[in-house]
Amino acid sequence: MVSATDALARLREGNLRFAANTQSNDRTLATRPAEVADGQEPFAIILGCSDSRVPAEIVFDQGLGDLFVIRVAGNVVAPSQIGSVEFAATKFGTRLVVVLGHSQCGAIEETLNQLQVPSDNRSRNLRSIVDFVRPSIESLLAQGLGEDPEALVKQAVRANVRASAEHMRHGSDILEELERDEGLVIVGAEYSLETGLVDFFDGVP
Ligand SMILES: [Zn+2]
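Residues numbered from 1 in each chain as written. Predicted model: local features only at pLDDT ≥ 70, side-chain atom pairs only at ≥ 80, totals over all residues. Heavy atoms only, no water.

Trainee: Give a description of the overall build of the chain that names residues and reports values.
Mentor: The secondary structure content of the chain amounts to 8 helices and 5 strands. The order of α-helices and β-strands along the chain, N terminus first, is α-α-β-α-β-α-β-α-α-α-α-β-β. For a compact globule of 205 residues, the expected C-alpha radius of gyration is about 17 Å, and the chain comes in at 17 Å, within 12% of that figure. Projected onto its principal axes, the C-alpha positions of the chain cover 50 × 40 × 35 Å. (Helix = DSSP H or I, 4+ residues; strand = E, 2+ residues; numbered from the N terminus. Rg over C-alpha atoms; globule rule 2.2 N^0.38 Å.)

Trainee: How would you summarise the nonpolar core if you had to cite specific residues and measurements?
Mentor: Side chains of a nonpolar character, in soluble globular proteins, are inclined to be buried together. One finds I45, L47, V85, I108, M168, L175 and L184 to be the most contacted residues of the largest nonpolar core, which totals 37 residues. Of all the elements in the fold, those that place two or more residues in this core are β1 (44-48), β2 (67-71), α4 (79-91), β3 (96-102), α5 (106-116), α6 (124-142), α7 (149-170) and α8 (173-182). Top contributing element to this core by residue count: α7, with 8 residues. L11, F18, A44 and L67 belong to the second largest nonpolar core, which has 22 residues in total. (Core = buried A, V, L, I, M, F, W, Y, C linked by side-chain atoms within 4.5 Å. Buried < 20%, exposed > 50% of the residue type's maximum accessible area, 1.4 Å probe, protein only.)

Trainee: Tell me about the coordination of the zinc ion, residues and numbers included.
Mentor: Listed as protein donors to the zinc ion are C49 (SG), H102 (NE2) and C105 (SG); their distances from the metal cover 2.1 to 2.3 Å. We note that the donor set of the zinc ion lies within a single chain, spaced as C-x52-H-x2-C. Accessibility assignment for this pair places H102 and C105 in one class, buried. (Donors = N, O, S within 2.8 Å, 3.2 Å for Na, K, Ca; no water.)

Trainee: Lay out the sheet that holds strand β5 (residues 198-202) in plain terms, naming residues and giving numbers.
Mentor: Strands sit in the order β2-β1-β3-β4-β5 across an open sheet of 5 strands; the sheet is mixed. Edge positions in the open sheet fall to β2 and β5, since each of these has one partner strand only. Strand-to-strand, the axes of this sheet are offset by a mean angle of 30°, without reference to chain direction. By the bridge criterion, 5 bridges tie β1 to β2 in an arrangement that is parallel. Across the sheet, residue G48 finds its bridge partner in β2, namely R71. (Pairing = 2+ DSSP bridges. Axes fitted to C-alpha atoms, helices over the stretch in contact; angles between N-to-C directions.)

So, in structure tokens, the structure goes:
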């Protein structure tokens, strides 16, 4: 079993390789599927955004069998996401969970638009994503950040990651128990579309 601390170090190293364009590709070779066909032991669980520019395996320079990835627009935490994390943490013994947001996130921008110019013609399903993001952003607007749109989006991305990580930490008895007794760690991070670098800014031990 890979500890949360070691897992975090592997992600940091992989992201630095990616950002420096010095990837090591041996774990994505065509021989790899057969090597992992009999079982998996992913060393980290990533809850990331569906944005096409933030594929977890690529930005962390990892291969087949390394990461258990859940992606949903806005990296929001609904019951099915918590269930997926519970599954991986209990079944594979994975000890690190990363909530990975990113700069210029469309789900965050959409939520801001809806808060500023509400419209009724959205799909109920899309609205459910906006509703998950909304509370953390409303509190930023209440602090008067609405004056500076660029700063608002930046802060909103991080506030949403913090809220998702916090929800993950306290939304499940199973995960709480693993955190308390088994070394599970849930951290929040932001990927920069501009630099390719990931900043782990929340809950890092
Ligand atoms: Zn996004």
